[in-house]
Structure formats: C-alpha cells, structure tokens
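Residues per chain are reported as follows:
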Amino acid sequence: MPDITLTIDGQTITVPEGTTILQAAQQIEKQVPTICYHPHFTAPSLCRMCVVEVEKSRVLVQACSRACENGMVVRTDTPRVQQARKMILELLSSAVDVSEAPEIQEYMRQYGADAQRFGDAARRDLPMHDDNPFYIRDYSKCILCWRCVQACGEDVQWTFAISRAGRGFETRIATFFDKPIPESTCVYCGNCVQACPTGALKPKREFWIETGRDVSELVRHSRLEKRRRKRDK
Amino acid sequence: MSDDAQGATSATLTTILARWSPVGRSGLLPALIEAQDAYGWLSEETLAQIANGLDVPLSEAFGVADFYAHLYTHPVGNKIVRVCDDVPCYLAGSEKICAAVEKQLQIREGETTPDGAFTYEIVPCLGHCDHGPVVMIGKDVHENVTEEQIDNLTKRAKDAK
Amino acid sequence: METKLITTNLGVANPESIDDYIARGGYRALRQVTSEMSSPQMIETLKAAGLIGRGGAAFPTALKYELAVKAEVTRPWPAPLTVPALYRRSSAFVICNADESETGTFKDRLLMEGDPFRILEGMAIAAFITGATNGFIYLRGEYALAYERLSRAIDAARARGFLGERILRDEGSRSLTPSLDFDVEIRRGAGAYICGEETALFESIEGRRGEPRVKPPFPTDAGLFRRPTVINNVETFANIPFIALKGAEAYRQYGTAKSPGSRVVCVSGHVKRPGAYEIAMGMPLRQVIDELAGGLRDGRRLQAVLIGGAAGVFLRPDEIDVPLDFQSLAAVGATFGSGAIMVMDDTADLGGVLRRLARFFKDESCGKCFPCQLGTQRQYEIIRDPERFRIASGLLHELGATMRDASLCGLGQTASSAILSALDKGLMKI
C-alpha cells in the first residue's frame, strides 16, 4: 500500500494509506478535540467536534474517521471550525448535565462556550435508574456518544443489553422495553461504565460514596438480597 | 389487543417469520411492519418472537421498532387518523381540519379515543400536496378534505374493516 | 407547454396492464439494450445524454454507474457472509429510492401509481449496466396504492420474462454475452423521512435504525450490505428507457446544455391548478406558476415561493423569473431539490410556515449527530418563541451555520436553509 502525503495546517506529512486525519494530526502533535471518539471503539463520528476544514469540501469533515488522501489540504482550527465546535458545546451543555465530564468542561473553557446561550430551553432531564447492585444509570448526563452501546455490543462484549431507542432529540439509551437491567442480558462486565465520559454510568459504590451512604452496606445489601431471594423461592 | 391475543395468533407470526428469516436481520423491518399490520401494535411477546426468529438482539429489535413513527410498542387505536399539517396542506387550511378532528373525536394529538377506535396524529407531508388538506385514516388517503366531511369519514372508517 | 418525455403514460395507459405498457413502446429499450449494447456503451450513452439525478442531490447518473462498475472489479469476491445468502450472488445492488417524503413532493408517487413498468425497465437497464442481480425499491409506507401497483407490475414482469433469469434471452440462443438475471424486491419504510437519505436507507434495509453513515465510503464503493450500490430516484430511473431507446441526442433536444432533458415539478399552495407538470429544464419559474399552474387565485398577490422542499429555499416575488435548471437555480443561491414548488400568496402566514419547517426537521432528525439532534430542537424552539432567546436572529444564524457545516448528513446540513433564506430575504422578521 503506497503512502499518502498531505498538508495539515501548512505542515506536510506522509502517512500509511488508511491513516485518519486525526491520527495524522496526532503524529505531528496537532490537538484536535474529540468527544465521542475512543481508540477502542469504532468511531461513530457523531459529536462532530473533531471536524476540520478540507480544501474543496463543501462541508466540514470529521477527522476521526476520514482517511487521508494524497494532496489533501487540511486546516484544523479555522474560524469556521472554531465556531462549529463552540456551538456544539453550547448545544450540548444546554440539554445535558455535563458537570461531571472534565474533558467537555475543558473544551468549553478553551472555546469560550456559553452554557447559558440557550437559556431555559428544553433539557433532556431523563430519570436515573438504580436497578442493580453494580452501577447506576443517570441519563440526564447522557450525551448519546454511543460508547456504552458499542461496548455492550459489537465492539467488545457482544451482550447487547442496551441499544438506542426513540429518535431525534428524544433519543435515549434503553434496554428491551426499558426493563430493569437484571431482566436484560447484562453480565455486569463494567465495560460500559468504564467507557462513559460523563458519569451517566457510574459504579454503585462511587455513587454511594458521593451521596454519603455507607459503602459497607452495599455488600450487606447484596448478601441480604441473595438470602431473601433464596428464602422466598 | 392483549399480549395473550398476540401470542395466541402465532400462526400469523409463523408465516411472517417464515417469509423473512431467509434474509435474517434484513427482514426485521418488513417483519415488524407486517406484525404491526396484523396485530395493531407490537407487544413485548411479538417483538421478542420476531427478534429471536431473525437472530436479532432483543434490545436492538426494540430500538428499531421505537425509531419508526409507524411502529408502535404500545396499544393504539384500530385506525390511526393522520392529518397532514405540513406546508402545502397548511396553506390549504389543515389547521381547521385538525380542529375538526379534535372536536369530532374529543381527543388531542397523540391520544386514542376511549373506545379504542382511533388514535389521532399530526403528520408530515403525505405526498398528495396538490389536493390538500389531506387526511389518512388507516391505509386510506383522503384528499381535499373539508371540516364537514370529518364526521362522515370517521364514521365510515369505524364501520369498515 | 409541458414537455412529455417520461409522463406519456400517466392517466392514459392502464398501469396494471403490461400489455398496455408494451403496446405503447414499453420494454423496447430493454430489448435493445440486452440484445445490441454493452455495459460500457450504455454508460457512454448516459454520459452523452448528461442525465442528472432527480432526487435532489443532482449527481451525474453515468458517473455513478461507472464508479460502481469500477468498484466491483476491485472489491473482494465472493461477498462476505454479512450479506444475506439470497443476495450474496449480486456483485452490485440497484436500489430505487422511492421514499419520497420531501415536503411538497408527489411526482414519484404519480410515476409509480401511473407507470410502474417504466421504473422497473429503468432499473433493469441499470442492472444490465452494473451486473446486479438483486434490486430493491425502498418505498415509503404511506404509499399503499403505489405498493399495490408496483407489486402487481413486478409479478407481471416476472411472468413475461422482463424480470428474473435470462431476461429477454430467447430459448436456444447462442449469444456469447452473459444474460441478464435481475429481480426486484419492494422494501417498505415505516414513517422516517431520514430513510430517504441513501446511507440511512441502507441501514434500514439491513434491519437497523435509519441512522446515516459517514461518506466516504460512497455507495458505489460500499453501500447496501457494504457492497457496490447504485441508488437512484424514481424519476431518474423513469428517464433511462427513453435515453436507452432514443439515444443521447434525442434527449438533448430538450432542456439546457448543462441540464438536459425534462423535470417533473410539483406545484402546490396558492395556485389555481396545483399538480405535477413535466417541463423542459430551463423553463422560467414564473411560466410554470402562471401558465401551467393557472397563476394565483383572483385578487391575490405573490408573497413567496418555497422551492426544493423543506430542505429548499425561499424566493421573493422579484426572483421568480429564474429558469428552472440546476445551474440557474444554484446561481441565485437556490436549489431544485425534489422539484417541489410551494406558492404562497399574501394570505399565507409565513410565521406558521417557518414553524412547520422547523418542526419537520426536529421531528425527523435521526438523533445521531450532535449538531442536528440538538440543533433542530433548538431551531424549533427559537422559531416558535423567539422572545425567549437573547438576540434570536443572531443565534439562529450561528446555529444554522453549524448545522450546515458540521452535520453528518444532508438533513442537518439543509435544516436551516429555508428558514434562514426567509429571514435573509426580508420575507420574515423575528
């Protein structure tokens, strides 16, 4: 496979065919912001934070999954790009609780995003599910980055306990008919919790510590539960 | 229809699955559409049978059903009354038709009549823009609808199969 | 006044009779193509004719077929197990995008209800060119009559040997060229405008939510089941038999140099005779409205025209002399889009129109990419209650620019174009 030569922010770089713009940029130490991208998952290319200007392209192009082409001229930080990223952050923070997403908070500072831009517009105030001994799901913090679904599905675990439901602004992560996790195929591997960037998925223990509950009760709670179930059989 | 009713008429589901299982997951939407047509909505039981019959994970089958506006994972009326309120029909006076339907059926957008006959929806362009306002009841498309016709149209639709 | 190249059978021939279709010249094109032409020759013919897609993207059809043929050579064969066994033999797929859901558009419905065999013939010729053995028609669920007519037409075509194996290859033929094997399946949609976007359409057929994919890869390289796919609009396929039979020069007698042929436009709104009209490309919009559609209602004044669909652009009354061809419209910042022309006189409440446009995109956004999933919701909120937002107009423009520049697919990219054009042209203030 022949190598590809392209220009990023005026700098010429040669990379193997198949390298993405993001990978090429990282090679020359250009920072391109990403939110939904995770090196262990198939890039869903949906947050659009990593968009860059590519000469001859009418629209901005996502760096995370676009392969480099010979002669490509890329600009990673133009006013058009900055404006888009700022707006995306303002949109996100206007709809979802991103207070526990440090990366997003840092981007908001970097791009001067105003969390109050959209005032009292509709928020995705989805409920918190506390239905199993291992992790909580607080969907008011869910930015719909798809990572949990990918982790549970084809990228890692092949368990498919969760998927996306609904459409548009009302899209949500859901089990089959929104049943509690213990009634799903979840095997409590924890991959989704690890992948979640905003704290929407959080280990129960961490949640109990944050909310001032006695963590040792957790252990007893599950043991008690087991005994109760055995008794009631 | 109750879950039992759907599960009991599994002969229909068997036919549907026989038709679409040769193409596996690709048969999911067609199977859901046919089951929706047959049963009026998609219960847990129906969705699970289809998912298992086509080798699709349960959560994903649910996510697909929940994506499409014409698939319902909860009971709806025997017939859906769909009033177009998109731009050309709006120009032709769809607002009056919406009001007439609401008055006739005594329900608001998204609701179902107590007798289970109709669910009322406001929908985007139905593709009959030169003859608006347009109302779709069940599978039947009605063009050039007037407020006065709503009573008749709904009565006829209720009586028809 | 009307230019009838592809609508000659509408309202005249019995759409349920294949004999009627044949008697009126149907399937002569397919016969000629399969017996006298080669795939490269047909591509050259389409290239010379300059056929451009009629769905809204306006992509050159010949180029699309050429790219698919090239891709088939380079893609590994046989197809992987991810392709259902029934379709694994097909080196490419031919798909007819019959999801017609763009606001104000009904031409495809009329073509399917009134002349279904023409579309099947066009698809068969595309299959001949690309070597596809499987074709699909993705048809919006609400078009029940079109579904009936197309289903019957497919059955009749199969019975007569115009679909299936060895199409138009006589028994005992000694021809050395491979015969055309091609069959068509209808796949119905279920109420999702986004499934008219080609990659979302593929996802839908594959049994998933209609969430678009990034491009590249383009459908000709990796489309349905990630195999080379040519996907065209109903009207585009309807043009192919004419071009195949009569040739490129005959086609170029109509239309303009860069937009040859005809276009079926859909006129609706405040005109005396709303309807679908097949015109030669280049006819001025004013002429379509005044002469073909009967003009405005008595005593009324023109306020605005929305052209191209919800994803289109508003034109002011002083802008309607624009010729209706791709280039002239692009030159004035407009788009032909789906061919929808919605006429608004002085009685129209443009505020109500803009609210409906905003609501449309909010309801139809698939929810995958952030700019559109969040942006269409905010656009709707701002249009509905602008006084709730600081500097609503500025915010709307910035939001619109982000959706246009950064959305993953065409829905988000065009969600703000009509609304912003109305504001920028002074047709409405917020």
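Note that the structure is predicted; figures quoted are calculated from it, not measured.

A few words on the overall build of chain C. Summing up its helical and strand segments, chain C has 17 helices and 10 strands in all. By the compact-globule yardstick of 22 Å for 430 residues, chain C fits well, its C-alpha radius of gyration being 22 Å. The dimensions of chain C, computed from C-alpha atoms along their principal axes, are 75 × 50 × 35 Å. Of the contacts made within chain C by residues no fewer than 6 positions apart, 71% connect residues no fewer than 24 positions apart.

Okay, the overall build of chain B next. A tally of helices and strands in chain B yields eight helices and four strands. Along the chain direction, N to C, the helices and strands of chain B fall in the order α-α-α-α-α-β-α-α-β-β-β-α. Over its C-alpha atoms, taken along the principal directions, chain B stretches across nearly 50 × 30 × 25 Å. Looking at chain B alone, contacts between residues at least 24 apart form 59% of all its contacts between residues at least 6 apart.

Residues and elements named next belong to chain A. Spatial ordering of the open sheet is given by 2-1-5-3-4, a layout of five strands whose pairing is mixed. The open sheet is flanked by strand 2 (11-16) and strand 4 (61-62), the only strands paired with a single partner. Inspection of the sheet shows strand 1 (residues 3-8) paired to strand 5 (residues 73-75) by two bridges, in the parallel sense. Bridging across to strand 5, isoleucine 8 finds its partner in valine 74.

Below, the discussion takes up the domain arrangement of chain C. Residues and elements named next belong to chain C. In terms of domains, chain C is made up of domain 1 (18-252), domain 2 (262-345) and domain 3 (350-424). The centre of domain 2, based on its C-alpha atoms, is set 23 Å off from the matching centre of domain 3. In this complex, domain 2 contributes nine residues to the contact, which on the side of domain 3 involves 10 residues. Counting only elements with at least two residues in the side of domain 2 that touches domain 3, the list comes to strand 8 (302-307) and strand 9 (313-315). Ranked by residue count, the leading element in the side of domain 2 that touches domain 3 is strand 8, at three residues.

This paragraph deals with the confidence of the model for chain C. In the predicted model, chain C carries a mean pLDDT of 96, and 100% of its residues have values of at least 70. Two numbers describe this predicted complex: its pTM, 0.96, and its ipTM, 0.95.

Okay, the interface of chain A and chain C next. Taken together, the contact pairs 27 residues of chain A with 29 residues of chain C. If one sorts the elements of the side of chain A that touches chain C by residue count, helix 2 (residues 79-95) of chain A sits on top with eight residues. Split into classes, the residues belonging to the side of chain A that touches chain C amount to 15 nonpolar, eight polar and four charged.

Another point: the domain arrangement of chain B. Partitioning chain B into domains gives domain 1 (3-65) and domain 2 (79-159). Distance from the C-alpha centre of domain 1 of chain B to the C-alpha centre of domain 2 of chain B: 29 Å.

In terms of residue burial, strand 5 (residues 229-233) of chain C counts as a mostly covered element, since five of its five residues are buried. The side-chain alternation of strand 5 of chain C yields two buried faces, one formed by Thr229, Ile231 and Asn233 of chain C and the other by Val230 and Asn232 of chain C.

With 33 residues of chain B at the contact, the number on the chain C side is 43 residues. Looking at the side of chain B that touches chain C residue by residue, the classes come out as 21 nonpolar, seven polar and five charged.

Below, the discussion takes up the pairing of strand 2 of chain A. Residues and elements named next belong to chain A. Examined bridge by bridge, strand 1 and strand 2 share six bridges and lie antiparallel to one another. Bridging from a neighbouring strand, leucine 6 pairs with isoleucine 13 of strand 2. Counted between consecutive antiparallel strands, the loop separating strand 1 from strand 2 contains two residues, among which aspartate 9 sits at a positive phi close to 50°.

Further remarks concern the sheet that holds strand 4 (residues 140-142) of chain B. Residue and element names in this part refer to chain B. On the basis of which strands lie adjacent, the open sheet formed by four strands has the order 2-1-3-4 and mixed pairing. Of all strands in the sheet, those bounded by a partner on one side alone are strand 2 (118-123) and strand 4. With strand direction ignored, the average angle separating the axes of adjacent strands in the sheet is 20°. Here strand 1 (residues 79-84) pairs with strand 3 (residues 135-137) via three bridges, running antiparallel. Bridge pairing links valine 81 to isoleucine 137 in strand 3. Sitting on the sheet, helix 7 (residues 94-105) is in contact with strand 1, strand 2 and strand 3, with an inclination near 155° to strand 1. Packing against the sheet, helix 8 (residues 149-159) makes contact with strand 1, strand 2, strand 3 and strand 4, and its axis sits at approximately 20° to strand 3.

Attention now moves to helix 3 (residues 39-49) of chain C. All names here are of chain C. When we look at burial in helix 3, the residues that qualify are Met42, Thr45, Leu46 and Ala49. The buried residues of helix 3 occupy an angular sector of 95° when the element is viewed end-on, so they sit on one face. One or two steps after helix 3, the chain reaches glycine 50, where phi turns positive at roughly 75°.

A word on the environment of aspartate 363 of chain C. If you trace the backbone, aspartate 363 of chain C turns up in helix 13 (residues 350-364). Using a count of 20 C-beta atoms within 10 Å as the deciding quantity, one classes aspartate 363 of chain C as buried. Sequence separation between aspartate 363 of chain C and glycine 55 of chain C is 308 residues; the distance between their C-alpha atoms is 21 Å. With residues up to four places along the chain from it excluded, the contact list for aspartate 363 of chain C reads Gly168 of chain A together with Pro124 of chain B.

The nonpolar side chains of a soluble globular protein tend to be buried, and buried together. In this structure, Leu92 of chain A together with Ala124, Ile125, Val288 and Val305 of chain C are the most contacted members of the largest nonpolar core, which totals 260 residues. Here this core gets 10 residues from one element, more than from any other, and that element is helix 6 (residues 116-130) of chain C. With near-sequence residues (within four places) excluded, valine 305 of chain C lies in contact with Leu285, Phe314, Leu315, Ile320, Ile341, Met342, Val343 and Met344 of chain C.

This part is about the environment of cysteine 192 of chain A. Residues and elements named next belong to chain A. Mapped onto the elements, cysteine 192 comes out in helix 5 (residues 191-195). A residue is classified by how many C-beta atoms lie within 10 Å of it, and cysteine 192, with 26 of them, is buried. Each C-alpha atom, one on cysteine 192 and one on arginine 147, is 7.0 Å from the other, the two residues being 45 residues apart in sequence. When residues no more than four places from it in sequence are discounted, the contact partners of cysteine 192 are Cys148, Ala151, Cys152 and Leu201.

Between helix 2 of chain A and helix 15 (residues 392-406) of chain C, whose axes approach to 9 Å, the crossing angle comes to 110°. Compared by their axis directions, helix 2 of chain A and helix 15 of chain C come out roughly perpendicular. Between helix 2 of chain A and helix 15 of chain C, the residues in contact are Arg80, Gln83, Ala84, Met87 and Ile88 of chain A and Glu398, Leu399, Ala401, Thr402, Asp405 and Ala406 of chain C, respectively. The residue inventory of the contact of helix 2 of chain A with helix 15 of chain C, partitioned by class, reads six nonpolar, two polar and three charged.

Here the focus is the packing of helix 4 (residues 44-53) of chain B against helix 5 (residues 58-65) of chain B. All names here are of chain B. Where helix 4 meets helix 5, the closest approach of the two axes is 9 Å, and the angle between their N-to-C directions is 120°. Crossing handedness for the pair helix 4 and helix 5: right-handed. Contact residues: helix 4 offers Leu47, Ala48, Ile50 and Ala51, while helix 5 offers Leu58, Ala61, Phe62 and Ala65. Classifying every residue of the contact of helix 4 with helix 5 gives eight nonpolar, no polar and no charged.

Below, the discussion takes up the environment of lysine 204 of chain A. Residue and element names in this part refer to chain A. Considering the arrangement of structural elements, one finds lysine 204 in helix 6 (residues 204-210). Its 19 C-beta neighbours within 10 Å are what place lysine 204 among the partly exposed residues. Sequence spacing of lysine 204 and serine 94 is 110 residues, and the spatial spacing of their C-alpha atoms is 27 Å. Every residue in contact with lysine 204, bar those within four places of it in the chain, is listed here: Pro133, Phe134, Tyr135, Ile136 and Leu218.

Criteria and cut-off values
- Residues numbered from 1 in each chain as written.
- Chains lettered and ligands numbered in written order.
- Predicted model: local features only at pLDDT ≥ 70, side-chain atom pairs only at ≥ 80, totals over all residues.
- Helix = DSSP H or I, 4+ residues; strand = E, 2+ residues; numbered from the N terminus.
- Rg over C-alpha atoms; globule rule 2.2 N^0.38 Å.
- Contact = placed C-beta atoms within 7 Å.
- Pairing = 2+ DSSP bridges.
- Domains from an automatic or database assignment.
- pLDDT = per-residue confidence, 0-100.
- Nonpolar A, V, L, I, M, F, W, Y, C, P; charged D, E, K, R; others polar.
- Buried ≥ 20, exposed ≤ 12 C-beta atoms within 10 Å, placed from the backbone.
- Axes fitted to C-alpha atoms, helices over the stretch in contact; angles between N-to-C directions.
- Arc of directions from axis to C-beta.
- Core = buried A, V, L, I, M, F, W, Y, C linked by C-beta atoms within 7 Å.
- Parallel < 35°, antiparallel > 145°, perpendicular 65-115°, else oblique.
- Left-handed = near helix turned anticlockwise from the far one by under 90°.

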